[in-house]
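Understanding the architecture of this molecule
Here's the letter readout for the chains.
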Amino acid sequence: MIIEPVVKGVVARSAHPYGCQQAIRNQIDYVRAAEPIVGGPKKVLVIGASSGFGLASRIALAFGGSNADTIGVSFERGPSEKGVGTAGWYNNIFFREEAEKQDLIGKNFVGDAFSVSMRQQVIDYIKAEFGGKLDLVVYSLATGVRPDPETGEMWRSSIKTIGESVTGPTINIETDTMEPMTIDTATEEEIEATKKVMGGEDWESWIDILSEADVLADGCKTVAYSYIGPEATYPIYHKGTLGRAKIHLHDTGDLLNDKLARIGGEAYVSVCKALVTKASVFIPAFSPYILALFKVMQDKGVHEGCIEQMQRLFSQRLYGPQQHVPVDEQRLIRIDDWELDDDVQRQVSQLMAQITPENFTAVGDYQRYKTDFMQLNGFWLDGVDYQERVNLEALKALTP
Ligand code: NAI
Ligand code: NA
């Protein structure tokens, strides 16, 4: 069969396996040539490893100077009658293949990271086959639902404002149009549920259980990812439900840092740049900002994708020559520093003011935005023959 891109709204309904493989290779090539991670970890668990920042973390840590063995946990779907499977499914497979070529472990666990059984499988594996200890845990989940461990009922996150509703243009990737979208205000329950799903509770639970199982090495670090952004986007993000959840995540970082002190460990939250990922395209009214940001950062030569962000995080912040991890007054790592640069933000606000549904493809960097989205799903990559027939049976034979 020939695999064509299928996009519904902002959701990809198909993925190209060999395009995903090419995207993995491109990221590996980037980190191999980049400033290396010195003094980095050797045994790493990445929760949320199959796409976006988690995948980029895994690639940077394995191939960007640290030569880390990695365990990746993710929720993905393989090929079936329903379709070819998700991009993350193939990212896991092709990451592992590349890691094994370098004699590195790239173990994949596919299933629900919130479940007790997933924690147990990972712990058993660490003890039996991974050398017994971890020296870094990356927490990079992005999801809309989390089961309540006590009742099994689902908490659902909402992307809403707190206070007043906001209406703003939002990109529809399927139709290449911008449509006004209103983000309503959240109820107390919705704020709480979003905190349960995207806050720090599950991160804390993972670290507690790993710690009780005695699989954290002395000096073990853990990092989770956050977003803050400029004031212009506060109503939709930082001061909305997602921002509330992130504040909970930041507080959890401090709590875990205290807990890990016992073994000389450290916990951090890294505030990252706004990027196109499977998760971020869902945020209503956010696209004009990303379009303007990409354009300005591209023109200034400081644009980064997930892989550039993660290689910089590990080589210059979390590890590297300096004695202490550089953080701001709230103890956050700021790898969003180039995004929030005064001159970048001044130009971004000027550009954002000009963006309309009629002109956004020309005024903002829609080409980059859409290309990033297509490439997340294995399409639009150079060096891939998209006319070549893909054998579904051969794909089914590939295992994570
Ligand atoms: P993503 O959608 O690319 O990756 C999410 C990962 O979580 C995938 O590996 C997915 O399989 C996994 N996952 C989701 N539910 C799961 C479950 N129940 N069990 C196991 N695995 C599950 O998302 P992205 O954008 O990389 O987000 C990661 C973190 O980075 C999030 O905390 C997000 O808020 C943060 N971040 C994202 C930014 C952006 O612009 N995309 C900016 C700054 C921070
Ligand atoms: Na991720």
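Per chain, the residues get numbers from 1 upward, laid out in the order the sequence is written. Numbering of ligands from 1 and lettering of chains from A proceed in the order in which they are written. Note on the predicted model: pLDDT of at least 70 is required for a residue's local features to be given, and 80 or more for side-chain atom pairs to be given and counted; whole-chain, interface and lining totals, by contrast, use all residues. With hydrogens and water excluded, all non-hydrogen atoms of the structure serve as input to the side-chain values.

Considerations on the coordination of the sodium ion (ligand 2)
With water omitted from the atoms examined, metal sites may look incomplete; donors here are N, O and S atoms no farther than 2.8 Å from the metal, or 3.2 Å in the case of Na, K and Ca. Coordination of the sodium ion (ligand 2) by the protein involves Gly-48 (O), Ser-51 (O), Gly-54 (N), Ser-140 (O) and Ser-140 (OG), with metal-donor separations of 2.8 to 3.0 Å. Binding-site remark: the sodium ion (ligand 2) is held by donors from one chain whose sequence spacing is G-x2-S-x2-G-x85-S. Residue Gly-48 is located in the loop between strand 3 (43-47) and helix 2 (52-63), and its partner Ser-140 is located in the loop between strand 6 (134-139) and strand 7 (145-147); the two are separated by 92 residues in the primary sequence. Each helix is a run of DSSP H or I of at least 4 residues and each strand a run of E of at least 2, with the numbering of both proceeding from the N terminus.

Considering the pairing of strand 10 (residues 177-183)
In short, DSSP must find at least two bridges between two strands for them to pair. Examined bridge by bridge, strand 9 (residues 166-172) and strand 10 share seven bridges and lie antiparallel to one another. Counterpart to Asn-172 in the pairing with strand 10 is Thr-177. Connecting strand 9 to the next strand, strand 10, in antiparallel fashion are four residues, including Asp-176 with a positive phi near 55°.

Notes on helix 8 (residues 287-300)
Between the first and last residue of a helix there are one fewer steps than residues, each counted as 1.5 Å, and that sum is the expected span. Taking 1.5 Å of rise per residue, 14 residues should cover 20 Å, and helix 8 covers 20 Å from first to last C-alpha, within 8% of that figure. With 10 of 14 residues buried, helix 8 lies mostly within the body of the structure. Throughout, exposure labels follow a simple rule: accessible area from a 1.4 Å probe, protein chains only, divided by the maximum for the residue type, with under 20% read as buried, over 50% as exposed, and the rest as partly exposed. Listing the buried residues of helix 8 in full gives Ser-287, Pro-288, Tyr-289, Ile-290, Leu-291, Ala-292, Leu-293, Phe-294, Val-296 and Met-297.

As for helix 6 (residues 201-212)
Between its first and last C-alpha, helix 6 extends 16 Å over 12 residues, near the 16 Å set by a 1.5 Å rise per residue. Three or more residues of helix 6 are buried, namely Asp-202, Trp-203, Trp-206, Ile-207 and Leu-210. Down the axis of helix 6, the buried set is contained in an arc of 140°. They therefore lie on one face. Asp-214, located one to two residues past helix 6, shows a positive phi value of around 60°. Working note: the arc is built from the helix axis to C-beta atom directions.

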